[in-house]
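Listed here are the chains, written in short residue letters.
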Amino acid sequence: MEENTIVKKRMLSGIQPSGDLHLGNYLGAIKNWADRVNDYECFYFMADLHTITVRQEPAELRKRTVNQLAQYIACGLDPEKNTLFLQSHVPAHSQLGWVLNCYTQFGELSRMTQFKDKSSKHKDNINAGLFTYPVLMAADILLYQPDFVPVGEDQKQHVEICRDIAQRFNSIYGDVFKIPEPMIAENGARIYGLNTPGDKMSKSIPEGCVFLMDRPEDIARKFKRAVTDSDTENCVRYDKVEKPGVANLMDIYRTVTGNSIEEIEREFDGKGYGVFKPAVAEAVIEHLRPIREEAERLMKDKAYLDSVYKDGAERASYVANKTLRKVYKKVGFYQL
Ligand code: TYM
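An account of the accompanying structure is given in this report. (Residues numbered from 1 in each chain as written. Predicted model: local features only at pLDDT ≥ 70, side-chain atom pairs only at ≥ 80, totals over all residues. Heavy atoms only, no water.)

**Concerning the site of the ligand**
- By nearness alone, 28 residues border the ligand, and Tyr133, Asp140, Gly152, Asp154 and Ile191 come closest of all.
- Within the side chain of Gln16, a nitrogen or oxygen atom sits 2.9 Å from an oxygen atom of the ligand.
- Between Tyr133 and the ligand, the recorded distance is 2.6 Å, taken from a side-chain N or O atom to a nitrogen atom.
- Starting from 710 Å² of accessible surface for the ligand in isolation, the protein chains cover 96%.
- Among the elements of the structure, strand E1 (9-15), helix H1 (23-35), helix H7 (128-142) and strand E4 (148-151) are those that each provide at least two residues to the shell around the ligand.
- Among the residues forming the shell around the ligand, the class breakdown is 13 nonpolar, 11 polar and four charged. (Near = heavy atom within 4 Å. Polar contact = N/O pair within 3.5 Å; in protein donor to acceptor, adjacent residues only side chain to side chain. Areas by Shrake-Rupley, 256 points an atom, 1.4 Å probe, with all protein chains shown as cover. Helix = DSSP H or I, 4+ residues; strand = E, 2+ residues; numbered from the N terminus. Nonpolar A, V, L, I, M, F, W, Y, C, P; charged D, E, K, R; others polar.)

Below is the structure:
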């Protein structure tokens with residue numbers, strides 16, 4: 001087949017700019033996106049509409065959103081090869097979200113673990129948006145007809161409900177939506193907090209969370225304080241049940257170095273945590289250094305970032321509006 005006739009499979013994913021990007025976002029999602037930029041047609045966005053399900057400080061949200069774009073690019077998402085955009089710049093997300101709300105059951109949304117989690121954490125603000133969040137996420141995905149949705153493990157349930165909604169809609173109206181597959185990385189799909197090996201790494205526990213823009217000395221400090229295990233074995237061995245903290249550090253190390261677990265066990269055989277923890281810190285620092293430096297440079301180049309998200313919004317809207325028009329027609333809205 002001629003090269004220019006090969007149709008690439010499509011991928012789409014997004015991250016909420018509700019906090020600064022961290023190592024969990026990077027290893028669970030962005031690194032996998034960047035590793036595949038040449039093999040897929042890719043759409044990546046800042047999920048800003050989703051962030052207001054929890055109160056945000058407006059100026060901070062604006063700043064974080066555009067900084068996140070700079071960090072996407074610095075992580076290797078070339079805007080020439082990928083469509084990078086802000087969710088709120090493409091109104092079709094909200095428009096399809098409304099339609100899909102009417103094809104989603106109250107009962108199935110009630111079972112979402114993220115809703116249960118967040119509503120217990122924000123008891124004073126259990127808003128309807130928090131409840132219907134997975135429907136907007138389904139719209140985000142289905143508008144672009146992707147084959148794959150690369151996410152960390154915690155988002156798998158949301159991709160599954162998206163598939164259910166799409167199948168339900170298709171069963172009524174014919175083949176409107178492609179049914180997407182979640183793409184969960186083999187390594188890094190669930191990174192735990194450095195000081196909370198039982199909970200996933202998240203911005204809400206900053207001391208155990210390594211941010212992409214952290215300075216090397218802060219990364220070194222966080223790894224130094226990382227929880228290993230309570231026994232006195234002091235041995236670098238992969239055991240998720242008995243030694244979750246050590247296993248987490250090994251997962252981080254293997255994802256940034258590409259070494260296998262066996263190779264890591266051999267490398268640190270007889271060396272103990274006093275050698276292992278600084279080695280993981282060093283590998284992460286060196287891996288993130290060029291990303292941080294490039295992001296810092298890009299964050300100052302407002303004109304360039306403006307041009308990227310404008311171009312991205314245009315390209316994304318073209319694809320999204322095509323799907324939205326089809327949906328509107330199918331459900332019976334009178335065409336303009
Ligand atoms: P969000 O913003 O919470 O997280 C973004 C991505 O990072 C992954 N992730 C992790 N992976 C491994 N270990 C961790 N500790 C960790 N923490 C976060 C998440 O799995 C995710 O891939 N609802 C989504 C955003 C979204 C979206 C979409 C994603 C909105 N619309 C459409 C895909 C497609 C969310 O809140 O992810």
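After that view of the structure, there is still more to cover.
**Looking at the layout of surface pockets**
- Of the voids in this model, the largest pocket is the one considered here, and its volume is about 1300 Å³.
- Surrounding the largest pocket, 50 residues form its lining, Gln16, Gln114, Asp154, Gln155 and Lys200 being those nearest its centre.
- Its residues assigned to classes, the lining of the largest pocket shows 16 nonpolar, 23 polar and 11 charged.
- Mapped onto the lining of the second largest pocket, the elements with two or more residues apiece are E1 and helix H13 (302-331).
- A breakdown of the residues in the lining of the second largest pocket according to their chemical character gives three nonpolar, two polar and eight charged. (1 Å grid on protein atoms, 1.4 Å probe; cavity = no way out; pocket = protein on both sides within 12 Å on 5 of 7 lines; lining within 4 Å. Points joined across faces, edges and corners; volume = space filled by probe spheres on them.)

**Thoughts on H7**
- Given a rise of 1.5 Å per residue, 15 residues ought to cover 21 Å, and the 21 Å separating the end C-alpha atoms of H7 matches this to within 8%.
- For H7, the principal kink sits at Pro134 and spans about 40 degrees.
- Most of H7 sits out of view: 12 of its 15 residues are buried.
- Taken as a whole, H7 has its buried residues at Leu130, Phe131, Tyr133, Pro134, Val135, Leu136, Met137, Ala138, Ala139, Asp140, Ile141 and Leu142.
- Where H7 begins, the side chain of Asn127 points an oxygen toward the backbone nitrogen of Gly129, at a separation of 3.0 Å. (Expected span 1.5 Å × (residues − 1). Bend = angle between axes of the 7 residues up to and from the residue. Buried < 20%, exposed > 50% of the residue type's maximum accessible area, 1.4 Å probe, protein only.)

**Concerning empty space enclosed by the protein**
- In the structure shown here, the tally under the stated rule is two cavities of 30 Å³ or more.
- Roughly 50 Å³ of internal volume is contained in the largest cavity.
- Along the walls of the largest cavity sit Met112, Gln114, Phe115, Lys118, Leu130, Tyr133, Pro134 and His158, which together make up its complete lining.
- Elements with a minimum of two residues in the lining of the largest cavity: helix H6 (113-121) and H7.

Note that every value here comes from positions in space, so none of it alone points to a role or purpose.
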